[in-house]
2 protein chains.
Amino acid sequence: MLYAGFMSETLPPLPTPQEPSDKPRLLEVGFAPDEPCLRADAARNRARLLEAATRLIAEHGVAGVTMEAVATAAGVGKGTVFRRFGDRTGLLLALLDHSAHRLQSDFLAGPPPLGPGAPPVDRLRALGVAVLYRYAEQLDLLLAAQSEPTRRHSHPAARALHMHTAMLLRQILPDADCELLAQTLVGYLDPALVHHLTRQCDMPLERLEAGWNDLVTRVTGADPQR
Amino acid sequence: MLYAGFMSETLPPLPTPQEPSDKPRLLEVGFAPDEPCLRADAARNRARLLEAATRLIAEHGVAGVTMEAVATAAGVGKGTVFRRFGDRTGLLLALLDHSAHRLQSDFLAGPPPLGPGAPPVDRLRALGVAVLYRYAEQLDLLLAAQSEPTRRHSHPAARALHMHTAMLLRQILPDADCELLAQTLVGYLDPALVHHLTRQCDMPLERLEAGWNDLVTRVTGADPQR
DNA sequence: AAGAAAACTGGACCCCGGTCCGTTTGGGAT
DNA sequence: ATCCCAAACGGACCGGGGTCCAGTTTTCTT
C-alpha cells in the first residue's frame, strides 16, 4: 500500500503546483507524504484519505469511491476531501500518481531501450509497449479518472507523455509536424481505446502491441524491425 | 430547426434499435418524427423535447441543458425525458443524430471524392477533412455528449466511422491490421483532441487538416499528393 | 363498442458531486 | 509561554442526474 502523490494538488494555496520537473526521487520505500509544504494535520489527513480510497476500491471497486464514503472512512469531513484534491477526478488522479511518475522516470532516466541510450525508434517502440501494459492493469481507475474530456489532454501526465513522444519523433523525423504525429501515437494508447479493444472487442494485448509496432514503423518510415 | 433523430432510442420497448442501415432518407424538409413505431403522444413529446433542448442550447449553451429544464420547457415530466432518451448523453446524442447521419450518407452514397467512385486514398483524405470541419462546428455538443469514456467507441456513429475507415484502408492495404490502423486514424479526429488542439493550443484548423493528410500518407504509404 | 394489455406520463424521491461559511488549529513570531 | 492568523476543518446545503411507481392514455382484440 504505497501510494504517494505529487503533481496532483491543484487548488488552494499553491497557484501552480508544478511537477517536480526532473529529479527521479521516487526511491522512497514505504510512502512519502512529501507535498512541498503541507501543515502537519493536512498531510496526515491526506495520507488517511488516500489509504481510505485505496481500501474502498479494493472492497467495492472504483464505483465505491464516493467522496462522502472516502471522507467518512478516513474520519474527516467531506469538505476536506475537496479542499485537498479539488474534485473526484483529482482524487483518482492522485491514486494514479505513483505509477505515473514511475513510468515517467523510467523513460526519462531508466535503462534502455526505454530510457536514454537506445536509438529513438527503439525507445518509441518500448514506450508504447510499456504504456500499454501499465494501462492494462489500471484500466478501471484510468477510465474513472477520465471523465471530463476537456481535461484529458491538459493533464500533466498526459502532457509529459505527449512531450516525450514528440521529442523522440523529432529525433527521427526532424522535418515533420511532430506535435501532431505525437498526438496520433499517444491517441493509440488512450485508456478508453485500450478498454474498448481488449474488453469489448476481446483483442489480446499482444495484438495491440503488434499494432503499436506497426504504427511506429509506418509513421516513422523505419525498417519494420522486431 | 430540423433536428430529426433516429438510431438513438435505446431503452424500453425496442430491444435493439438498429440504425436504418443504408437507405439515405434524410431529405425530409421540415422534421421527421419517424421513430419506427412510437405512440402518437410519445412522438409528439419527443419532438417537443428536442425542440426545447435546441432552444435551451441556443440560450444558455450546452450547460443549460438540464434534464429538468428540458422537461419543463417542453411541458412534460422529467421521467418522460429519461424514458425517451435514456440519459443526458442520449438526449445530446439525439441532437447530433441529424448531422451524424448526413455525414454518414455523404460518405456512403454521396458524390466523390467523399462518396464511392474516387480512389480509396482520396476518399480517406476527404473523409478526415469532412469530419474535422463538421466536428469543429459542434465541438461543445460533441464534448458534452462524450462524458462516459466507456461508451465512446461503442456508439453507432463512432462504429460507423470506424468501419468505413477500416473498409477504405482494407482496399489500400489488404495485408495490414486495418482494424487497428482505423482506430488510430479516427482517434486523430476525436472531438476532445480537436478541442484541445484548436482551443487550448490555438492551432488553426488548416494545420490539423495538413496533419491528417500527412498521417494518411504515412500510414498508407501513398504518394504525398495534395 | 367495450375491455384489457401495453405504452406512456409525471413528479416525488434518492444519491452524489460540489460549494459555503462559521469554527478550530498548527506553528512561526514575539 | 503566548499571541495571532493563515490554513485547515467539517457538515449543512444546493442542484442535477437517475429511479420508481401509481395513475393515465393509446391501441389492439373480439
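Heads up: these notes are all about the structure in this document. Positions within a chain are numbered from 1, following the residues in the order the chain's sequence is written. As a convention, the first chain written is A and the first ligand written is 1, with the rest following in written order. In view of the model being predicted, local features appear only for residues whose pLDDT reaches at least 70, and side-chain atom pairs are presented and counted only at 80 or more, with totals across whole chains, interfaces and linings using the full set of residues. Hydrogens and waters are ignored; side-chain quantities use all the structure's heavy atoms.

**Concerning the relation of the copies chain A and chain B**
Next, step 1: Least squares is used to superpose the copies, and the fit set is the C-alpha atoms of residues whose pLDDT is at least 70 in both copies. Of the transformation superimposing chain A on chain B, the axial component is 0.0 Å and the angular component is 180°, with the fit at an RMSD of 0.1 Å. Both copies of the chain, as the preceding transformation shows, are related through a two-fold rotation axis.
Next, step 2: Residue contacts follow a heavy-atom distance rule, with two residues in contact if any of their heavy atoms lie within 4.5 Å. Of the residues that chain A buries at the interface, 100% are likewise interface residues in chain B, meaning the two copies contact each other through the same surface.

**Quick word on the nonpolar core**
Next, step 1: Definition used in this section: a nonpolar core is a set of buried Ala, Val, Leu, Ile, Met, Phe, Trp, Tyr and Cys residues joined via side-chain atoms within 4.5 Å. The buried label goes to any residue with under 20% of its type's maximum accessible area, the exposed label to any with over 50%, and the partly exposed label to all in between, with areas taken from a 1.4 Å probe on protein chains only. The biggest cluster of nonpolar side chains holds 119 residues, and the ones touching the most others in it are L208 of chain A together with L208 of chain B.
Next, step 2: When sequence neighbours within four positions are dropped, the list of residues in contact with L208 of chain B reads L180 of chain A together with L132, Y188, V194, L197, T198 and M203 of chain B.

**Some points on the packing of helix α4 (residues 88-109) of chain A against helix α8 (residues 156-172) of chain A**
All names here are of chain A.
Next, step 1: The interhelical angle for the contact between α4 and α8, taken along N-to-C directions, is 20°, at an axis separation of 11 Å. When the axes of α4 and α8 are compared, the pair comes out roughly parallel. Of the two possible hands of crossing, α4 and α8 adopt the one that is left-handed. In this structure, α4 uses Q104, F107 and L108 to contact α8, whose residues at the interface are A160, L161 and H164. Every axis in this analysis is a line fitted to C-alpha atoms, fitted for helices over the stretch in contact. Angles between the N-to-C directions lie between 0 and 180 degrees. We count a stretch as a helix when DSSP gives it H or I for four or more residues in a row; a strand needs E for two or more, and each element gets its number in order from the N terminus. With respect to orientation, any angle under 35 degrees is reported as roughly parallel, any angle over 145 as roughly antiparallel, any angle of 65 to 115 as roughly perpendicular, and every other angle as oblique. Handedness of a crossing is defined here by the sense of rotation of the near helix relative to the far one, left-handed for an anticlockwise turn of less than a right angle and right-handed for a clockwise turn.

**Comments concerning helix α1 (residues 40-60) of chain A**
Residue and element names in this part refer to chain A.
Next, step 1: Between the first and last residue of a helix there are one fewer steps than residues, each counted as 1.5 Å, and that sum is the expected span. Helix length check: α1, at 21 residues, gives a terminal C-alpha distance of 30 Å against a target of 30 Å (1.5 Å per residue), a fit within 8%.
Next, step 2: Here α1 has its buried residues at A42, A43, N45, R46, A47, L49, L50, A52, A53 and L56.
Next, step 3: The inward-facing, buried residues of α1 abut α2 (67-74), α3 (78-85) and α4.
Next, step 4: G61, located one to two residues past α1, shows a positive phi value of around 75°.

**What about the protein's contact with DNA strand C?**
Next, step 1: When we say a residue is near a molecule or strand, we mean one of its heavy atoms is within 4 Å of it. The environment of DNA strand C is made up of 23 residues, and the closest members are K78 of chain A together with R39, N45, G77 and R83 of chain B.
Next, step 2: Each atom of DNA strand C within 4 Å of the protein was assigned to sugar, phosphate or base; sugar and phosphate come to 64%.
Next, step 3: Identification of polar contacts relies on pairs of N or O atoms within 3.5 Å, with a donor-acceptor requirement for protein atoms, meaning one able to donate a hydrogen and the other able to accept it, and with residues adjacent in sequence counted only if both atoms are side-chain atoms. In this structure, K78 of chain A approaches DNA strand C through a side-chain N or O atom, which is 2.3 Å from a base oxygen.
Next, step 4: For the surface near DNA strand C, the secondary structure elements donating two or more residues are α1 and α3 of chain A together with α1 (40-60) and α3 (78-85) of chain B.
Next, step 5: A total of 5 residues in the surface near DNA strand C trace back to one element, the largest contributor, which is α3 of chain B.
Next, step 6: Nonpolar residues are Ala, Val, Leu, Ile, Met, Phe, Trp, Tyr, Cys and Pro. Charged residues are Asp, Glu, Lys and Arg, and all others, Gly as well, are polar. Grouping the constituent residues of the surface near DNA strand C by class yields 8 nonpolar, 5 polar and 10 charged.

**With respect to the side chain of T184 of chain A**
Next, step 1: With respect to the helices and strands, T184 of chain A occurs in helix α9 (residues 178-188).
Next, step 2: Residues within four places of T184 of chain A in sequence aside, it is in contact with T184, Y188 and L215 of chain B.

**Focus: the interface of chain A and chain B**
Next, step 1: The partner chain B presents 33 residues to the 33 residues of chain A that form the contact.
Next, step 2: Interface of chain A and chain B: buried area, both sides summed, is about 2700 Å²; carbon and sulfur atoms make up 61% of it.
Next, step 3: Any carboxyl oxygen of Asp or Glu that lies within 4 Å of a side-chain nitrogen of Lys or Arg is treated as forming a salt bridge with it. Across the contact surface, chain A and chain B share 4 salt bridges.
Next, step 4: Residues D177 of chain B and R207 of chain A are paired through a salt bridge, measuring 2.8 Å at the closest nitrogen-oxygen approach.
Next, step 5: Inspection of the chain A/chain B interface yields 8 residue pairs in polar contact (both at pLDDT 80 or more).
Next, step 6: Mapped onto the side of chain A that touches chain B, the elements with two or more residues apiece are α7 (149-152), α9, α10 (191-200) and α11 (205-220) of chain A.
Next, step 7: Per-element accounting of the side of chain A that touches chain B gives the leading share, 7 residues, to α11 of chain A.
Next, step 8: Partitioning the side of chain A that touches chain B into residue classes produces 14 nonpolar, 11 polar and 8 charged. As a working definition, buried area equals the accessible area (1.4 Å probe) given up by two parts on being put together, with both sides summed.

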